[in-house]
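# Results of the structural survey
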Amino acid sequence: MSKDSYVHRVRPGAPGAPILFAFHGTGGDENQFFDFSARLLPQATIVAPRGDVSEYGAARFFRRTGEGVYDMADLARATDKMAAFIEAYRNESGAGAVLGLGFSNGANILANILIEQGLFDAAALLHPLIPFAPRDNAGLAGRKVLITAGQRDPICPPDLTTALADYFTRQNAVLDLEWHAGGHDIRPNEIDAIGRLVEAYR
């Protein structure tokens, strides 16, 4: 796989600065978090891929057969393909750190890459849904993981959010779990939590 395996936007950063990958939610595209990411880390290389799966015209990173029911074979395909894309950009940029930010479906592909292959030094998972028991990965020890969630999110039930947070804690990741009282929407306290996560990389 190469850097051309996804439609994407990129902004080159300063030498040695971090590289941040931004993953959109279902129906979004490479523009959804690109400008936000660029403001978040002005010196970083920003890469925002577009999901290569269409669900009734809405872009996604992997297929599902129903709400919260994943096509696990396609998730494995997507994880391997995206990991190769990430590694191609990481190797070219010579980045000092590899960071990820994803919302909803984008958080899910980001989370699964973390679970299966690591790759990220820090990751912000906004409203992720991992409806299966992830495998243990000792390589996650010390990696920084932020999970944000809504207490009334109809798409990402709070018990599954807590289960994912517990998983990363068991892997000895440095976990921050940020809740708000709403649903499947991004609130100001989540933005603040993302800022805290990346502060050391500015």
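As shown above, the structure is provided for reference.
Read on for a plain summary of the structure. These numbers were taken from a predicted model, which means no experiment stands behind them. (Residues numbered from 1 in each chain as written. Predicted model: local features only at pLDDT ≥ 70, side-chain atom pairs only at ≥ 80, totals over all residues. Heavy atoms only, no water.)

### A short note on the overall build of the protein
Using the following cut-off: The way it works is that DSSP assigns letters per residue, a run of H or I at least four long becomes a helix, a run of E at least two long becomes a strand, and they are numbered from the N terminus. In this setup the radius of gyration rests on C-alpha atoms only. A globule is expected at 2.2 Å times the number of residues raised to 0.38. Buried means the residue's accessible area, taken with a 1.4 Å probe over protein chains only, is under 20% of the maximum for its type, while exposed means over 50%, and partly exposed covers the values in between. We call two residues in contact when some of their heavy atoms are within 4.5 Å. Only the protein chains shown count as cover for residues, with accessible areas throughout obtained via the Shrake-Rupley method and a probe of 1.4 Å. Charge convention: Lys and Arg are scored as positive, Asp and Glu as negative, and His as well as the terminal groups of each chain are ignored. We put the charge of a Lys on NZ, of an Arg on CZ, of an Asp on CG and of a Glu on CD.
For the protein, the count of helices and strands is five helices and eleven strands. Computed over its C-alpha atoms, the radius of gyration of the protein comes to 15 Å, within 12% of the 17 Å expected for a compact globule of 202 residues. Once the C-alpha set of the protein is aligned to its principal axes, its extents read approximately 40 × 35 × 30 Å. The buried share among the 202 residues of the protein stands at 51%. Put simply, 67% of the contacts in the protein that link residues at least 6 apart link residues at least 24 apart. For the protein, the exposed area adds up to about 8500 Å²; of that, 51% sits on carbon and sulfur atoms. The distance from the centre of the 19 positive side-chain charges to the centre of the 24 negative ones in the protein is 3 Å.

### Description of helix H3 (residues 105-117)
Operational definition: In this scheme, a helix's expected span is set at 1.5 Å multiplied by one less than its residue total.
Here H3 spans 18 Å end to end across 13 residues, near enough to the 18 Å set by a 1.5 Å rise per residue. Most of H3 is tucked away: eleven of the 13 residues are buried. Looking only at H3, the buried set comprises Asn-105, Gly-106, Ala-107, Asn-108, Ile-109, Leu-110, Ala-111, Asn-112, Ile-113, Leu-114 and Ile-115. Gly-118 sits one or two residues past H3 and shows a positive phi near 75°.

### Digging into the nonpolar core
Just so we agree on the cut-off: Only buried residues count toward a nonpolar core, which is a set of Ala, Val, Leu, Ile, Met, Phe, Trp, Tyr and Cys residues joined through side-chain atoms within 4.5 Å.
Counting 38 residues, the largest nonpolar core has Phe-21, Phe-23, Ile-86, Phe-120, Leu-125 and Phe-168 as the members making the most contacts within it. Those elements giving two or more residues to this core turn out to be strand S2 (19-23), helix H2 (72-93), H3, strand S9 (122-126), strand S10 (144-150) and helix H4 (158-170). Ignoring anything within four residues of it in the chain, the contact list for Phe-23 reads Phe-33, Pro-49, Phe-61, Met-82, Ile-86, Leu-101, Gly-102, Phe-103, Gly-106, Ile-109, Leu-110 and Phe-120. Listed in part, the 24 residues of the second largest apolar core include Phe-34, Leu-41, Ala-97 and Ala-124.

### Structural notes on unusual backbone geometry
Most peptide bonds are trans, and most residues other than glycine sit at a negative phi. Of note in this structure, Tyr-56 is not a glycine but carries a positive phi near 55°. Relative to the helices and strands, Tyr-56 is located in the loop between strand S4 (53-55) and strand S5 (58-60). The exposed category is assigned to Tyr-56, whose relative accessible area is 87%. Positioned with a positive phi, Ser-104 is a non-glycine residue whose angle comes to about 60°. Looking at where Ser-104 falls in the secondary structure, it is placed in the loop between strand S8 (98-103) and H3.

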